[in-house]
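Each chain, written out:
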Amino acid sequence: MMISTKGRYAIRVMLDLAEHNTSDYIRLKDISARQGISQKYLESITATLSKSGLIDGAHGKGGGYRLKRSPEQYTIGEILRLMEGPLAPVACLGCEVNTCENKASCRTLPMWEKLYKMVNDFFDDITIADLAKEGADDGFFGACL
């Protein structure tokens, strides 16, 4: 499994919004400058985050983006699945229903299912608030995203 720049940058946007979490909207220009990500690329990421209801966007003077929920209520798993799709290690687990013709006899399927569960559990146990706290403490989850 390889997380794309879109997935990584979406986490960075959400983290930036959490770290500057006020009732005010945060301009995309400011996020772009702080994160070192082009504004054009961030527009597509924030559009997806906004359409899915994770963030609130406003246009015009005083516009920008802000979180719709508290940072503790956003999991990394939720964000990654939105941007990347299922975090499945093999194609047959990427669908809601495994329709693989070899499913009944596949001796490796239990291994892939266990890995899939571990990956989802791992990312679902980390919130944006955790990253904000860890980053401030220079912890495990530094700024490598």
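All values reported here derive from a predicted model rather than from experimental measurement.

S.K.: What's the story with the confidence of the model for the protein in this structure? I'm lost.
M.R.: Keep in mind that low pLDDT regions are not for reading the predicted coordinates in detail. For the protein, per-residue confidence averages 91 on the pLDDT scale, and residues scoring 70 or more make up 92% of the total. Here helix α6 (residues 128-136) is the element of the protein with the lowest mean pLDDT, 84, and helix α4 (residues 76-84) is the one with the highest, 98.

S.K.: Explain the pairing of strand β2 (residues 64-67) to me, please; I cannot follow it from the model alone.
M.R.: The pairing of strand β1 (residues 55-58) with β2 spans four bridges and is antiparallel. For Asp56, the partnering residue across the bridge sits in β2 and is Arg66. Turn length for the β1-β2 hairpin, with the two strands adjacent in sequence and antiparallel, is five residues, and the turn residue Gly60 shows positive phi of about 90°.

S.K.: What should I look at first to understand helix α5 (residues 109-124) in this one?
M.R.: Side chains that are three or four residues apart share a direction in an α-helix, a result of its 3.6 residues per turn. Here α5 spans 22 Å end to end across 16 residues, near enough to the 22 Å set by a 1.5 Å rise per residue. Every buried residue of α5 is accounted for by Leu109, Val119, Asn120 and Phe123. Along the axis of α5, the buried positions cluster into a sector of 95°, meaning they face one direction only. Within α5, the exposed residues directed more than 90 degrees away from the buried face are Lys114, Lys117 and Met118. Tucked into the core, α5 has its buried residues touching α4.

S.K.: Could you clarify how one ought to interpret the nonpolar core in this entry?
M.R.: Soluble globular proteins: nonpolar side chains tend toward being buried together. Judged by nonpolar contacts, the single largest core of 32 residues is most densely connected at Met14, Leu17, Ile45, Leu49, Ile76, Ile79 and Ile128. Counting residues per element, this core draws most heavily on helix α1 (residues 5-19), at eight residues. Once residues within four sequence positions are removed from consideration, Leu49 is found in contact with Ala10, Val13, Met14, Leu54, Ile55, Leu82 and Met83.

Cut-offs used in this document
- Residues numbered from 1 in each chain as written.
- Predicted model: local features only at pLDDT ≥ 70, side-chain atom pairs only at ≥ 80, totals over all residues.
- Heavy atoms only, no water.
- pLDDT = per-residue confidence, 0-100.
- Helix = DSSP H or I, 4+ residues; strand = E, 2+ residues; numbered from the N terminus.
- Pairing = 2+ DSSP bridges.
- Expected span 1.5 Å × (residues − 1).
- Buried < 20%, exposed > 50% of the residue type's maximum accessible area, 1.4 Å probe, protein only.
- Arc of directions from axis to C-beta.
- Contact = heavy atoms within 4.5 Å.
- Core = buried A, V, L, I, M, F, W, Y, C linked by side-chain atoms within 4.5 Å.

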